[in-house]
Amino acid sequence: MTRQQLLLTVIIAAALLALPLIGNNYMLRLATTTLMYAVLAMAWNVVGGFAGYPLFGIAAFFGLGAYSGAVVQSSGYPIALAWLFAVVIGTIFAIVLGFILLRLRGHAFAIATLVIAEVLRELTNGWTDVTGGGMGLNLPFFGWSPTALAVFFFYVMLALAAITLVTTWIVANNRLGFALNCIRQNEDAANIVGIDTTRYKIIAFTLSGAFAAAAGAIYASWTGYIEPSDVYDVLFSIKPIIMALLGGMGTVLGPVIGAVAFLALDEIVWRNFLQLHTGVLGFLIVVLILFLPSGLSSIGLHRFWRKAASA
Amino acid sequence: MTALLQLKNVSRSFGGVRAIHNVSLTLEPGQIVGLIGPNGAGKSTLVNIITGVHPASSGEILHKGEPIQRLKPFQISARGIARTFQVVQPFPAMTVVENVMAGAMFAAGIASMDEARRAAMEHLAFTGLADHADRPAEQLTLAYRKRLELAKGLAMNPHILLLDEVNAGLNTAEVEQALALIRAIAARGISIVIIEHLLKVVTGLCSRIIVLHHGELIADDPAADVIRDPRVIEAYLGSRFAERQMVRQ
Amino acid sequence: MIFFQYLANGLILGGLYACIAAGFSLVWGVLSIINLLHGAFIVFGFYIAYFSYTMLGIHPFLSVITSAVVLGGLGYFIQLGLVNRVVTRSVLVTLILTFGLELMMNNAMLLSFSADYKKVLLEHPFGIAHFGNVFIPLDRAASTVIAFLLILLLWLVLRLTSVGRAIVAVRFDREAALLMGIDVNKTYAMTFALGAAMAGAAGSLLSVSFPVAPLSGPLFLSKAFVICVLGGVGSVPGAAVGGLFFGLLESFGAVLFGSEYALTLAFVVLIVLLLVRPHGLMGVKGF
């Protein structure tokens, strides 16, 4: 990392840490949401950007993490344990699913992952005894003030985002990242050159799943109430992809930049076009795809974006 | 002593088509062996089977006495059997040196990325590509791409190198350079199997030539004898020409 | 025996499912695009039938024609104007594009038609026939028959018309087709149009049997996907076989596991199939 990038990072980090002192609850909520999506986008990026496998069902892990954590928490266990449990479940599920699905490529992989999220939703909906089914699951209330809660969850999500960022950076700069890069460009050649592609793909998939599950678990605790159609919503699968595409797929900071840019845009759209919200979102997606093939760096300032995105 | 590589009655069918039928051969250390045959004879398929890209339908492949026919390509590479591709397959978005680093890091098992880079630079120097190290691989001309294939193969630290049509598309001067490089590689103690369909190239380079035709091994002789083998002549030039040769003899 | 009832139900469902999947399979096989709009097209076809009946008294079966024409035209222009620009790009890009378009179409339908489920209640239904202990609602049976006729029609178009043969040529070898002078862009647009037309027709046929709302789209899409993979991507007969299989699976599966698990069951079958026979039940060959 260059001196400039380091300085910029420190400034941003300081600003983020100080945010609760200067912002109100609404801003904190927005910031927490942005951080959560940044985590999801970075998680997606490991499989979709580095390895080149178009993952369309990260909501499966998000929802699984949300419910795993929520069930443990509402059984009276401490919140940290609930989150840890969610990560463990997400990891195991990712390993098993990875074995099955990573044999598929391209379209088949994409849609299979999409359908998995739907299937999990169906199963969660049906398992009423444990999950509350369609009536949702309420999580025990802390008894803290709204401000205290907002600040708490902001810092928690910030911590998760930081961990995810550091992990992504480590992956990108060592053998795993190199291997994934090879796999993305030419999987057959990667095999020939000595890369155990199955193993590396599963590792990448597991990282994605674990981080997404963690984000889901924290989300559940944060919102206090979850239901299947909320946490398994296909938009949780698609938005992170848009963000990664926007900021620069396959780079370290790209997903983060994309998350910030997207949510800023989303706020504007939401305030002005409430009823057309999804429609306008769709429209922006279409514009992005048709006119900005390399994400934001298509707009110009190529070198700025590339430097910003690849730490 | 056990042969370096041994194929015993290896066969491979795709659907109803017999691509390789009952091929048996042995490779000793330090040999340069030519593998020739008309188009469609099964040469590339045989290489694919040895390197684990396609499984053999039956038969055994022994490497230093150990069976390898069930192993995956990355495991076979790690054991020291490398190959180049006829249609060059680089990692397009990576630089030349990164392409070579891949083999060094994974097949040859170098743990540190810096060390892998150093090893890669050595291999690039050996193949004459050092100046192009940081160029994107897809920008190389065909002759240089073939050299990149060689460098990638060497980076895997092989003791057996299977070269699949390294000369396809090269002009005479480039072919000469390629052959010189191959001799230099052999001089390092690496056994080489070179697939060619130009007889001329192979006789100049190889001590021994194996001939495939319709998936079957029809000759496995010292170079000088092979070109006079009537079955080989028939395979390449047709039966009438072969008959004429027979009559003359 | 109750087995025959489920069998009958399954076959009837199967025909509709086949119709849902045939167009999707065609587009996927020829353009290599998974069209996430497909579900929305089906829903739109439903609304055309619904409003034609409730406002104009036109029987949904006649709306099959209207839907096919309207959706076909819509599909043609969407492909030519938008999708065609990304046809050569990655899976990710094409999926996201059709997703974005789907969001727009969905939002439009939501605003125009509201989110609640609607169903066509025929004033003069064909009634129910019994064969022993098996009850067959004739309207549904008629939709299935029409569905199969449509699939047959599609298959004939592909085999006998010059447009159809151009589509098959492009599907097998795009470069060769180009060299033979086929206008690949127009062919792509026609393929997409045919896919959309089939979807619209399917939606109209569904209207007499099932309640539909804007958010039914993704469910239809998932099922179409599974059926395509079952039957072999790009194969119209494959979609027919896959559809029947899926209909039977759902019918019997509902008994064994409960109808809420329809998709889960389908998915399990899909995974097993993908692991065992990656080319689907019919393989890549048939067209």
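Residues numbered from 1 in each chain as written. Chains lettered and ligands numbered in written order. Predicted model: local features only at pLDDT ≥ 70, side-chain atom pairs only at ≥ 80, totals over all residues.

Participant: I keep staring at the pairing of strand β1 (residues 5-14) of chain B and nothing clicks. Help me out?
Facilitator: Side-chain direction in a regular strand flips from residue to residue, so the side chains alternate between the two faces of the sheet. All names here are of chain B. Here seven bridges tie β1 to strand β2 (residues 17-27), and the two strands are oriented antiparallel to one another. Within β2, the residue paired with Gln6 across the bridge is Thr26. In sequence, β1 turns back onto β2 through a hairpin of two residues, with Gly15 there showing a positive phi of about 60°. Pairing geometry for β1 and strand β4 (residues 58-63), over five bridges, is antiparallel. When the bridges of β4 are listed, Leu7 appears paired with Ile61. (Pairing = 2+ DSSP bridges. Helix = DSSP H or I, 4+ residues; strand = E, 2+ residues; numbered from the N terminus.)

Participant: Could you clarify how one ought to interpret the packing of helix α8 (residues 175-185) of chain A against helix α10 (residues 197-223) of chain A in this entry?
Facilitator: Two quantities define a packed helix pair, namely the angle between the helix axes and the distance between the axes. Residue and element names in this part refer to chain A. Contact geometry of α8 with α10 gives a least axis separation of 10 Å together with a crossing angle of 110°. In terms of their interaxial angle, α8 and α10 are classed as roughly perpendicular. The handedness of the crossing between α8 and α10 comes out as left-handed. Contacts from Leu176, Ala179, Leu180 and Ile183 of α8 reach α10 at Thr197, Tyr200, Lys201, Ile203 and Ala204. (Axes fitted to C-alpha atoms, helices over the stretch in contact; angles between N-to-C directions. Parallel < 35°, antiparallel > 145°, perpendicular 65-115°, else oblique. Left-handed = near helix turned anticlockwise from the far one by under 90°. Contact = placed C-beta atoms within 7 Å.)

Participant: Quick question: what am I supposed to make of unusual backbone geometry here?
Facilitator: The phi torsion at Asn9 of chain B lies on the positive side, around 50°, for a residue other than glycine. With respect to the element layout, Asn9 of chain B can be found in strand β1. Positioned with a positive phi, Ser32 of chain C is a non-glycine residue whose angle comes to about 55°. Turning to its location among the elements, Ser32 of chain C is positioned in the loop between α1 (2-31) and α2 (38-56). Its 17 C-beta neighbours within 10 Å are what place Ser32 of chain C among the partly exposed residues. (Buried ≥ 20, exposed ≤ 12 C-beta atoms within 10 Å, placed from the backbone.)

Participant: I would appreciate a short explanation of the sheet that holds β1 of chain B in the present structure.
Facilitator: Where strands meet in a sheet, backbone hydrogen bonds hold them as pairs that are either parallel or antiparallel. As summarised here, the arrangement of the four strands in space is β2-β1-β4-β5 (chain B), forming an open sheet in which the pairing is antiparallel. The outermost strands of the open sheet, each flanked by one partner alone, are β2 and β5 (66-67) of chain B.

Participant: What exactly am I supposed to notice about the confidence of the model for chain C here?
Facilitator: Should the pLDDT be low somewhere, the predicted coordinates at that spot are not to be read in detail. Residues and elements named next belong to chain C. Residues at a pLDDT of 70 or more form 95% of chain C, whose mean pLDDT is 87. By mean pLDDT, the top-scoring element of chain C is helix α8 (residues 184-206) (94), and the lowest-scoring one is helix α11 (residues 262-276) (76). In the model, residues 282-287 has pLDDT below 50 throughout and makes 18 contacts with residues more than four positions away in sequence or in other chains. Across the interface, the model reports ipTM at 0.85; the global pTM reads 0.85. (pLDDT = per-residue confidence, 0-100.)

Participant: Quick question: what am I supposed to make of the interface of chain A and chain C here?
Facilitator: Quoted interface sizes are often the accessible area lost when the parts come together. Facing the 31 residues of chain A at the interface are 30 residues of chain C. Sorting the residues of the side of chain A that touches chain C by element identifies α5 (106-126), α12 (234-247) and α14 (277-291) of chain A as the ones contributing at least two each. Of the residues assigned to the side of chain A that touches chain C, the class counts are 21 nonpolar, eight polar and two charged. (Nonpolar A, V, L, I, M, F, W, Y, C, P; charged D, E, K, R; others polar.)

Participant: Sorry, what's going on with the nonpolar core here?
Facilitator: Burial of nonpolar side chains together is a common tendency in soluble globular proteins. In this structure, Val39, Leu40, Ile58, Ala214 and Ala215 of chain A together with Cys19 and Ala202 of chain C are the most contacted members of the largest nonpolar core, which totals 280 residues. Each of two domains, domain 1 (1-80 + 159-249) and domain 2 (87-157) of chain B, supplies a minimum of three residues to this core. In this structure Ala214 of chain A touches Gly65, Trp83, Ala86, Val87 and Leu160 of chain A, once residues within four positions along its chain are discounted. (Core = buried A, V, L, I, M, F, W, Y, C linked by C-beta atoms within 7 Å. Domains from an automatic or database assignment.)

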